[in-house]
Amino acid sequence: MIDIFDKCATDEGYFGRFRAAKDRFFTLPVLDDIPGPRMNCQGKETIMWSVNNYIGLAGDADIQEAAIQAARTWSVSGPMGSRMMSGTTQDHLNLEKALAAYSQKEDAFLFNYGYMGVLGIVTSLCGPDDVLIVDKLAHACIVDAAFSAKGGQGGRPMVRFFRHNDMADLESVLKSVNKTRKGGVMILCEGVYGMTGDLADLPGITALARRYEARVFIDDAHGIGVMGTQGRGTADFFGVQNDIDIYFGTFAKAFASIGGYSASSEQVRDWIAFNSRTQVFAKALPMIYVKALQLTLEKIIAGNDRRALMWERSRRLREKLSALGLHIGPGESPICAVFIPAGEHLEEIIMRVLTYLRQNGVFCTGVMWPVIPPGLVMLRMIPTAAHSEADVDETAEIFQSMRDELKIKFALNEEEIAKVRKIYRG
Ligand SMILES: Cc1ncc(COP(=O)(O)O)c(C=O)c1O
């Protein structure tokens, strides 16, 4: 008889070989300290390029104090219960109003996690006759949400993908969907693509949505607090916020907290509030976060100097690494996607690179096939306002010594450059 747990004794599943080998270096590394530019990784101080503390609010003393005050009043318990029953407070409502005003929408609704928010929104709105059109590089929560939606009759909406940021492909999907359309159509994408660092073509997407009568949902996890006026996000950056039907932001990145929110018309907000199972059947966002987030939002709005510093650090990192011969993805957002050729030796190169960097004081995230085409390693680096010039310079020096000591080739050949281009244009 097969036991449900049989698979746990194999090296299958995500990162299965690492799990089977009890790895805690490449996967699930223990990082102590509050998130910041230098963090202790298994006993070694590293310059941290892997946390989304974009404008340096993690560990902010005023926000910490607001959370402490909230804990004094509400402890860790308040409020108890789901928003629907006993978990709504005036503070939750006030925060929603403030977020709606910030995002220039009629109303907003809070979620406990970004992932749960996207899942709740999409599954509450989309039923069997609807079609969800998803950018191929969209975050797992968007993909999971699209495939989890089912509606009342148990049928599922159709899910179609379009090539990453490819407007011609999106248009052809919209055209074909409209030929047999029985329900609504929604396009789902990120604002800033968190892995590759490029921006969604929101002017193109919103124009096509208008032409083919589709709705637009953007998950701007990496754009909120980072892009646009007062950090209002990627749609504001492009001047198309009015054309976004549901704007979604998480607090896990620039807000350096936990939770997320959708901003939309009041009617859509109410539908979501009453129908999102991930929130209707879950305890409300704890008061410690709600109270702290009110102050965080003020700091985000007033954060132009912090954003300028973040861009400056991003520019410097890009310049220094490019000077070493490294190929970096487009600088549309602060995220630096650094590409290293790996040929046939993908796993060997990624492990040598990450080991060298971590052991010599640089922590970043490594990505390879199937997330990106084979033959390339991508190091995703997140410059923040908390990094100093010295952090950037020291990092570049460590990359240089890695190149020289490990004899790793940095320059990409034509074919590899074409592969990188393919990532960005789908
Ligand atoms: C684009 C995107 N959406 C959603 C999430 C999930 O957000 P949270 O961590 O708040 O659940 C992430 C986090 O990795 C993300 O990058």
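Residues numbered from 1 in each chain as written. Predicted model: local features only at pLDDT ≥ 70, side-chain atom pairs only at ≥ 80, totals over all residues.

Within the protein chain, the secondary structure is distributed over 15 helices and 15 strands. Principal-axis analysis of the C-alpha atoms places the extent of the protein chain at approximately 60 × 60 × 55 Å. Within the protein chain, the proportion of its 426 residues that are buried is 45%. (Helix = DSSP H or I, 4+ residues; strand = E, 2+ residues; numbered from the N terminus. Buried ≥ 20, exposed ≤ 12 C-beta atoms within 10 Å, placed from the backbone.)

Here the focus is helix 13 (residues 346–359). The end-to-end C-alpha distance of helix 13, which contains 14 residues, comes to 20 Å, matching closely the 20 Å that a straight helix rising 1.5 Å per residue would cover. Every buried residue belonging to helix 13 is among I349, I350, V353, L354 and L357, and all of these are buried. Taken around the axis of helix 13, the buried residues stretch over an arc of 120 degrees, which confines them to a single face. Within helix 13, the exposed residues directed more than 90 degrees away from the buried face are E347 and E348. Check the buried side of helix 13 and you find it contacts strand 12 (336–341), strand 13 (362–363), strand 14 (365–367), strand 15 (376–381) and helix 14 (389–406). One or two steps after helix 13, the chain reaches G361, where phi turns positive at roughly 105 degrees. (Expected span 1.5 Å × (residues − 1). Arc of directions from axis to C-beta. Contact = placed C-beta atoms within 7 Å.)

For the protein chain, the domain assignment lists domain 1 (33–55 + 304–425) and domain 2 (61–301). Using only C-alpha atoms to locate each centre, domain 1 and domain 2 end up separated by 29 Å. Listed per partner, the contact involves 19 residues of domain 1 and 18 residues of domain 2. Elements supplying a minimum of two residues to the side of domain 1 that touches domain 2: strand 12 and helix 15 (414–425). Sorting elements by how many residues they give to the side of domain 1 that touches domain 2 places helix 15 first, with three residues. (Domains from an automatic or database assignment.)

In the vicinity of the ligand, the contacting residues are Y113, G114, Y115, H139, C141, E190, G194, D219, A221, T250, A252 and G260. Considering only residue class, the shell around the ligand consists of five nonpolar, five polar and two charged. (Near = placed C-beta within 6 Å. Nonpolar A, V, L, I, M, F, W, Y, C, P; charged D, E, K, R; others polar.)

So, on to the nonpolar core. In this structure, I133 and L188 are the most contacted members of the largest nonpolar core, which totals 84 residues. Counting only domains with at least three residues in this core, you end up with domain 1 (33–55 + 304–425) and domain 2 (61–301). Residues contacting L188, with those up to four places away along its chain left out, are L132, V134, A138, I142, A146 and F217. (Core = buried A, V, L, I, M, F, W, Y, C linked by C-beta atoms within 7 Å.)

Next up on the list: the sheet that holds strand 15. Strand order in the open sheet made by the four strands is 11-12-15-14, with antiparallel pairing throughout. Both outer strands of the open sheet, strand 11 (327–328) and strand 14, are each paired with one neighbouring strand and no more. Pairing analysis gives two bridges linking strand 11 to strand 12, with the strands arranged antiparallel. Of the residues in strand 12, the one forming a bridge with I328 is V338. The sheet contacts of helix 13 involve strand 12, strand 14 and strand 15, and relative to strand 15 the element is tilted by about 30 degrees. Packing against the sheet, helix 15 makes contact with strand 11, strand 12 and strand 15, and its axis sits at approximately 50 degrees to strand 15. (Pairing = 2+ DSSP bridges. Axes fitted to C-alpha atoms, helices over the stretch in contact; angles between N-to-C directions.)

Closest axis-to-axis distance for the helix 3 (residues 90–102)/helix 11 (residues 287–301) pair is 10 Å, and the angle between their directions is 25 degrees. By the criterion of interaxial angle, the relationship of helix 3 to helix 11 is roughly parallel. Relative to helix 11, helix 3 is oriented so that their crossing is left-handed. Counting all contacts with helix 3, which are made through D91, H92, L95, A98, L99 and Y102, the residues of helix 11 involved are M287, V290, K291, L293, Q294, L297 and I301. In the contact of helix 3 with helix 11, the residues fall into nine nonpolar, two polar and two charged. (Parallel < 35°, antiparallel > 145°, perpendicular 65-115°, else oblique. Left-handed = near helix turned anticlockwise from the far one by under 90°.)

A separate point is the sheet that holds strand 13. Strand order across the open sheet formed by four strands is 1-2-3-13, with mixed pairing between neighbours. Every interior strand has two partners, whereas the edge strands, strand 1 (31–32) and strand 13, have only one. In this structure, strand 1 lies alongside strand 2 (residues 38–41), joined through two bridges in antiparallel fashion. Across the sheet, residue D32 finds its bridge partner in strand 2, namely N40.

Our next topic: unusual backbone geometry. Here the residue pair G78 and P79 is connected by a cis peptide bond, since its omega of -10 degrees sits within 30 degrees of zero. Mapped onto the fold, P79 is located in the loop between helix 2 (61–74) and helix 3. The linkage connecting W369 with the following residue, P370, adopts the cis geometry, with an omega of 10 degrees. By secondary structure assignment, the location of P370 is in the loop between strand 14 and strand 15. A positive phi angle, near 50 degrees, is found at F15, a position not held by glycine. Along the chain, F15 turns up in the segment before helix 1 (16–20). The partly exposed category is assigned to F15, around which 13 C-beta atoms lie within 10 Å. Look at Q230: it is not a glycine, yet its phi comes out positive at around 50 degrees. Looking at where Q230 falls in the secondary structure, it is placed in the loop between strand 8 (215–219) and helix 8 (234–238).

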